Amino acid sequence: PVVTSPCKILKCNSEFLAATSGSHHLGTEEVPEFCTALRAYAHCTRRTARTCRGDLVYHSAVHGIDDLMLQHNCSKDGPTSQPRLRTLPPGDSQERSDSPEICHYEKSFHKHSAAPNYTHCGLFGDPHLRTFTDTFQTCKVQGAWPLIDNNYLNVQVTNTPVLPGSTATATSKLTIIFKSFQECVDQKVYQAEMDELPAAFVDGSKNGGDKHGANSLKITEKVSGQHIEIQAKYIGTTIVVRQVGRYLTFAVRMPEEVVNAVEDRDSQGLYLCLRGCPLNQQIDFQTIRSAQATEGRARRKGPSLPARPEAFTYETATAKCREKLPVEDLYFQSCVFDLLTTGDINFMLAAYYAFEDVKMLHSNKDKLHLYERTRDLAPGNTAPSGTPSALWVALLCLSQCWLGFL
């Protein structure tokens with residue numbers, strides 16, 4: 001069984017969003033219904049309080065409820081049913097387009113200069129990381145790790161084992177914090193986890209709050225429960241979050257100026273999208289393909305180990321990945337690696353959608369495909385015993401060429 005959080009704050013957030021959808025600016029007649037939804041929201045948070053004590057999103061929601069109750073003069077006593085409020089008519093403030101110029105990155109920051117250079121970072125699968133510098137790595141990084149940490153936003157992922165006892169991990173939780181910015185947006189927190197991909201921030205809103213440039217930050221649901229997109233125009237950033245199978249993928253397009261906007265870069269610490277995974281967390285999957293196949297056979301024979309959803313050989317894995325990824329680049333190789341490691345067909349789709357996001361978000365179309373090795377082997381990280389490393393790599397290359405010829 002995969003480890004999941006017992007904290008159900010995302011469920012509370014989703015229920016409140018459903019009850020108040022379209023109620024950004026309430027008329028007087030709707031305040032009682034809004035207060036009813038708030039009391040239901042508060043009741044839901046109290047039910048999950050014990051399991052959410054260490055969850056920042058939970059504490060943010062609790063404070064947000066108190067603030068909203070004060071703003072709307074809501075009593076804490078009263079009905080807690082959740083009537084759905086009416087949606088706003090066209091042209092209401094949720095769709096206003098007269099944001100200050102400072103809230104549009106390209107207009108405000110680059111009026112008298114060249115267009116900004118955009119970069120891309122993505123995380124998907126087992127997990128595989130493409131950094132802002134187009135370095136491709138496969139990492140272990142179990143637990144919570146920062147993907148992005150700059151003056152404008154923080155992104156943190158939590159990776160959990162795909163199978164009990166396995167070193168294969170995948171992203172089970174994602175937290176994005178957009179920091180308050182001038183007259184554009186209030187601080188907003190977005191959080192997703194396995195089987196819960198909300199189409200709103202944790203406070204139930206879909207934009208940047210009550211400031212004049214609130215719509216320079218917006219969430220759009222592309223496919224319910226599977227695909228959301230966040231546009232942060234005030235920093236020229238687009239974020240795509242997907243749930244594929246049970247796990248999450250992340251992709252971002254961001255200007256270099258924003259990427260490098262940190263107070264003290266030297267003492268900033270780890271930031272995976274910029275610096276990559278630590279060397280001791282990296283896996284060079286191209287040199288352990290044979291070991292994976294051997295492990296897969298042993299796992300299928302071992303009665304004490306859990307069965308995989310589907311068993312793949314190297315040949316069946318490459319054939320399956322080729323259905324969605326015809327170019328044998330590192331996305332294709334990642335797909336093969338993940339099928340051999342997990343046996344879960346959804347990892348093929350994760351690689352496919354990750355590449356689709358690259359095609360949409362990467363500004364240099366000549367760099368969509370990556371082919372180079374993920375990294376040089378660290379000391380002690382050698383090829384399987386009995387085969388010299390250089391010969392092993394040569395044999396792998398030869399086998400690839402032969403398969404391509406066939």
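Residues numbered from 1 in each chain as written. Predicted model: local features only at pLDDT ≥ 70, side-chain atom pairs only at ≥ 80, totals over all residues. Heavy atoms only, no water.

## Looking at the packing of helix α8 (residues 314-324) against helix α10 (residues 346-361)
Operational definition: The axes used here are C-alpha line fits, helices contributing only the stretch in contact, and every angle between their N-to-C directions lies in the interval 0 to 180 degrees. For helices the rule is a DSSP run of H or I covering at least 4 residues; for strands it is a run of E covering at least 2, with both sets numbered from the N terminus onward. Handedness of a crossing is defined here by the sense of rotation of the near helix relative to the far one, left-handed for an anticlockwise turn of less than a right angle and right-handed for a clockwise turn. We call two residues contacting when some pair of their heavy atoms lies within 4.5 Å. Asp, Glu, Lys and Arg are counted as charged, while Ala, Val, Leu, Ile, Met, Phe, Trp, Tyr, Cys and Pro are counted as nonpolar; the rest, among them Gly, fall into the polar class.
Relative orientation of the contacting elements α8 and α10 amounts to 35 degrees, with a least axis distance of 10 Å. You can see that α8 and α10 cross each other, and the crossing is right-handed. Contacts between α8 and α10 involve K320, C321 and K324 on the former and, on the latter, M348, L349 and Y352. Classifying every residue of the contact of α8 with α10 gives four nonpolar, no polar and two charged.

## Here we look at the state of the cysteines
Rules: Cysteine sulfurs are considered disulfide-paired once they come within 2.5 Å of each other. The classification of residues rests on relative accessible area computed with a 1.4 Å probe and restricted to protein chains. Under 20% of the type maximum is buried, over 50% is exposed, and intermediate values are partly exposed.
This model, assessed by the stated rule, comprises seven disulfides. Between the sulfur of C121 and that of C273 lies a disulfide, 2.0 Å long from S to S. Measuring handedness by torsion sign, the sulfur bridge of C121 and C273 sits at about -80 degrees and is left-handed. Taken as a pair, C121 in strand β1 (residues 118-124) and C273 in helix α6 (residues 272-275) lie far apart in primary sequence, 152 residues in all. Judged on exposure class, the residue C121 and its partner C273 are both buried.

## A closer look at the pattern of salt bridges
Our working definition: Salt bridges are counted wherever a side-chain nitrogen of Lys or Arg sits within 4 Å of a carboxyl oxygen of Asp or Glu.
Inspection of every chain in the model, using the stated rule, returns eight salt bridges. When the shortest N-O distance is used, the salt bridge between K211 and D186 registers 4.0 Å. Here K211, found in the loop between β7 (188-193) and β8 (217-223), pairs with D186, found in the loop between β6 (169-178) and β7; they are 25 residues apart in sequence, far enough to count as distant. The residue E328 makes a salt bridge to R322 at a minimum N-O spacing of 2.8 Å. Looking at R322, the relative accessible area reads 35%, which means it is partly exposed.

## Description of the packing of helix α2 (residues 31-47) against helix α3 (residues 56-71)
Convention followed: Any angle that falls under 35 degrees is termed roughly parallel, while one over 145 is termed roughly antiparallel, one within 65 to 115 roughly perpendicular, and all others oblique.
Following both chains from N to C, one finds α2 and α3 inclined at 150 degrees, their axes separated by 10 Å at the closest point. With respect to each other, α2 and α3 are oriented roughly antiparallel. Crossing of α2 against α3: the hand is left-handed. Along its contact with α2, which presents F34, L38, R39, Y41, A42 and T45, the element α3 presents Y58, A61, V62, I65, L68 and M69. Taken together, the residues that form the contact of α2 with α3 break down as ten nonpolar, one polar and one charged.

## Details of the sheet that holds strand β9 (residues 227-232)
For the record, the criterion: Two strands make a pair as long as DSSP finds a minimum of two bridges between them.
The strand order β8-β9-β10-β11-β1-β2-β3-β12 describes an open sheet built from eight strands, whose pairing is antiparallel. The open sheet is flanked by β8 and β12 (282-283), the only strands paired with a single partner. Strands in contact with α10 are β1, β2 (128-130), β9, β10 (237-244) and β11 (247-255); relative to β10, the strand with the most contacts, it is inclined by about 165 degrees.

## Regarding the confidence of the model for the protein chain
Do not read the predicted coordinates in detail wherever pLDDT is low. Definition in use: Confidence per residue, as judged by the predictor, is encoded in pLDDT with a range of 0 to 100.
The share of residues in the protein chain with pLDDT of 70 or more is 73%, and the mean pLDDT across the chain is 78. Taken as a whole, residues 23-29 scores under 50 in pLDDT and shows 14 contacts with residues more than four places along the chain or in a different chain. Counting contacts from residues 299-309, a segment whose pLDDT is below 50, to residues more than four positions away or on other chains yields 17 contacts.

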